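Structure at a glance
This is what each chain is made of:
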Amino acid sequence: MCSVVLKETAVYVENSNAPARKPVTVPGLHAMKAEGRKIVMLTAYDASFAAQAEHAGVDIALVGDSLGMVVQGQSSTLPVTLEQMVYHTTMVARGLSATLLAADMPFMADRDVSHALEAGARLVGEAGAAMIKIEGAGPHILEAIHALTERVIPVCAHLGLTPQSVHKFGGYKVQGRVQDAADRVLAEALAVQQAGASLLVLEGVPTSLGERVTKALDIPVIGIGAGPHCDGQVLVVYDMLGLTPGKRPKFSKDFLAGRSSVGEAIAAYVADVRSGAFPAAEHSYN
Ligand code: KIV
């Protein structure tokens, strides 16, 4: 009942005077890379924020397991369960009509291929996602990417500073700063593409590595703290609204500052990513 009201107010009525947006598709995202048009991705965790993202022209809404930190107040993404991801993805799906919906594979839901397929089936078949994002490039992850794409579930890989590896990295640290590590990230990026990934999120790496990976890959590379040369950008919505407690992450920007609504802030983010104004050098790593 509530979802119908939301769709009629936030999405249907607001867009009723505007031409309907063409649905964003995986081939459409690949065409954007080929044409040099920047892709805009933003996290969403509920139907109302999803509708705001849709209205502002965001291409991809990501139900990130960052919800563990920004919604649940946990200190990492590790406690987020598949059940919670299905719940939030279902809510976000109700706020969207044209925006492509991606959902995170939570920690350990990809521990082997059969669990990864089961999680993918729930997030796509039950919750309404069109793409699953998976962190890492270990042998079992490459196998899972291959198995999911073989079963027509598009996959977004996630490399660089992968938050589920926080204990391995010893914190949320920029990756790929020395030559060996940068070469390893590039090799992993080529491997996930080879395994069948349709998209790559590259997080927390120096600008030069962001550029190197983006140029080497045929699939679109969406950066977060990976510099301005990526094919698109993603931010956590609470970060770009200045809602995250404590210090603003270097790679983010408070788009709500000086603006009067969430809708205006998201529209400014979309415009700045499309024009290349965001991220600036101050949001990037050397
Ligand atoms: O969980 C998340 O929100 C993410 C983005 C930061 C890319 O993985």
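One can find the structure itself at the top, above this paragraph.
Computed from a predicted structure; not experimentally measured. (Residues numbered from 1 in each chain as written. Predicted model: local features only at pLDDT ≥ 70, side-chain atom pairs only at ≥ 80, totals over all residues. Heavy atoms only, no water.)

Turning our eyes to something else, we now look at the packing of helix α9 (residues 179-195) against helix α10 (residues 207-216). Running from N to C, α9 and α10 point in directions that differ by 30°, and their axes come no closer than 10 Å. Between α9 and α10, the angle is such that the two are roughly parallel. α10 is crossed by α9, and the crossing has right-handed handedness. Contact residues: α9 offers Gln 179, Ala 182, Asp 183, Val 185, Leu 186, Ala 189 and Leu 190, while α10 offers Leu 209, Arg 212, Val 213 and Ala 216. Residues that form the contact of α9 with α10 fall into these classes: eight nonpolar, one polar and two charged. (Axes fitted to C-alpha atoms, helices over the stretch in contact; angles between N-to-C directions. Helix = DSSP H or I, 4+ residues; strand = E, 2+ residues; numbered from the N terminus. Parallel < 35°, antiparallel > 145°, perpendicular 65-115°, else oblique. Left-handed = near helix turned anticlockwise from the far one by under 90°. Contact = heavy atoms within 4.5 Å. Nonpolar A, V, L, I, M, F, W, Y, C, P; charged D, E, K, R; others polar.)

This brings us to the site of the ligand. Near the ligand you find Thr 43, Leu 62, Gly 64, Asp 65, Ser 66, Asp 104, Lys 133, His 158, Val 201, Ile 224, Val 234 and Val 236, and these make up its full shell. Note that an oxygen atom of the ligand is positioned 3.1 Å from one of the side-chain N or O atoms of Asp 65. Between the ligand and Asp 104 there is a distance of 3.1 Å, counted from an oxygen atom to a side-chain nitrogen or oxygen. Calculation on the ligand without its partners gives an accessible area of 260 Å², and the protein chains cover 97% of this total. Taken together, the residues of the shell around the ligand break down into five nonpolar, four polar and three charged. (Near = heavy atom within 4 Å. Polar contact = N/O pair within 3.5 Å; in protein donor to acceptor, adjacent residues only side chain to side chain. Areas by Shrake-Rupley, 256 points an atom, 1.4 Å probe, with all protein chains shown as cover.)

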